[in-house]
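Here is how the chains run, residue by residue.
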Amino acid sequence: MKNEKINEYIEKFLNEGGESLSDREYFELLISYSAKADSEKLYNDYGSFKAAADADTEFLISSGTDQSTAVLLKIISAMSNVYQRNFNTISNLRTSDMAKAFFTQLFTGAERENFVIVSVGKNFRIASVSNIVKGSMMSVMASNRMIADFIIKNKADRVFVAHNHPIGNANASENDIVFTEKMISVLNALGTILIDHIIIGMNDSFSMRCSGVCPKLNEQPDFGYK
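Each value, and the rule that gives it
Residues numbered from 1 in each chain as written. Predicted model: local features only at pLDDT ≥ 70, side-chain atom pairs only at ≥ 80, totals over all residues. Heavy atoms only, no water. Helix = DSSP H or I, 4+ residues; strand = E, 2+ residues; numbered from the N terminus. Buried < 20%, exposed > 50% of the residue type's maximum accessible area, 1.4 Å probe, protein only. Phe/Tyr/Trp six-rings, centres within 6.5 Å; stacked < 30°, edge-to-face > 60°. Core = buried A, V, L, I, M, F, W, Y, C linked by side-chain atoms within 4.5 Å. Salt bridge = Lys/Arg side-chain N within 4 Å of Asp/Glu carboxyl O. pLDDT = per-residue confidence, 0-100.

Caption draft 1: Representation of the overall build of the chain in the model. When helices and strands are counted, the chain shows 11 helices and five strands. In the chain, buried positions account for 43% of the 226 residues.

See below:
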């Protein structure tokens, strides 16, 4: 019965295209390639394809998912991240909406916190991107040394930084604000201006400059950034 249903999904996919499958059908089709997995239970536990693919690998395994299935889910998530990065059409960060869209794509599939720094030219065109730190699920620390190395190597005078909250909303915490204030001091000492600090949550995004939560950031020149 299970094989008949999967064969129906395959035929539907081949004849009618990917959009013809529901979220659950996509999930069951994918998990069918892992012999040990109970796709119905796994889907019911997480509620959606995305939630299961975004779950931490160690947590998936500790909660009863076999290793091959957990790895299969994370491969899909990781491939999505690579695909989005390679085909990210946003090359200019002139507005906060563009910046939030760029970093949302960049963090697609990330299950742990990451800290990224991006240098831009005078026209806000992206010049270089570096994932400075991959942290734990709950916190990420970027050292002043790593930030300074990026600035010096890329001769960057205007930068954006961003990090993600993979299991929460995008609102800035007190630690985020304090960290941003300290980072501004480091950057200013190198002759570099921080344009914005973007935070990407599970389902939302946040611009620290546009929100005004960090007065020291808003004291920095914006060069027309909106």
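Caption draft 2: Fine view of unusual backbone geometry. Residues other than glycine seldom take positive phi values, yet Phe 124 does so here, at roughly 70°. Under the relative-accessibility criterion, Phe 124 is labelled buried at 0%. Look at Phe 223: it is not a glycine, yet its phi comes out positive at around 55°. Relative to the helices and strands, Phe 223 is located in the segment after helix H11 (215-218).

Caption draft 3: Broad picture of the packing of aromatic side chains. Going through the model one piece at a time under the given rule, you end up with seven aromatic pairs. Here the aromatic rings of Phe 103 and Phe 107 are separated by 6.5 Å at their centres, their planes lie at 25°, and the arrangement is stacked. This pair shows no difference in class: Phe 103 is buried, exactly as Phe 107 is. Here the aromatic cluster, defined as three or more aromatic residues joined through ring pairs, consists of Phe 102, Phe 103 and Phe 107.

Caption draft 4: A look at the nonpolar core. Counting 22 residues, the largest nonpolar core has Phe 115, Ile 117, Ile 151, Val 159, Met 183 and Leu 194 as the members making the most contacts within it. Residue contributions to this core peak at five residues, all from helix H9 (residues 174-189). Counting residues in each nonpolar core, the second largest holds 18 residues, with Ile 90, Phe 102, Val 120 and Ile 195 among its members.

Caption draft 5: Layout of the pattern of salt bridges. Under the counting rule described, the total for this entry stands at five salt bridges. Lys 41 is paired through a salt bridge with Asp 45; the nearest N and O atoms lie 2.8 Å apart. Of the two residues, Lys 41 and Asp 45 both sit in helix H3 (residues 39-46), four residues apart, roughly one turn of that helix. With relative accessibility at 46%, the residue Lys 41 sits in the partly exposed group.

Caption draft 6: Quick peek at the confidence of the model for the chain. Predicted confidence across the chain gives a mean pLDDT of 83, with 87% of residues reaching 70 or more. At the level of individual helices and strands, the chain shows its lowest average pLDDT in helix H6 (residues 67-86), which scores 69, and its highest in strand S4 (residues 193-200), which scores 97.

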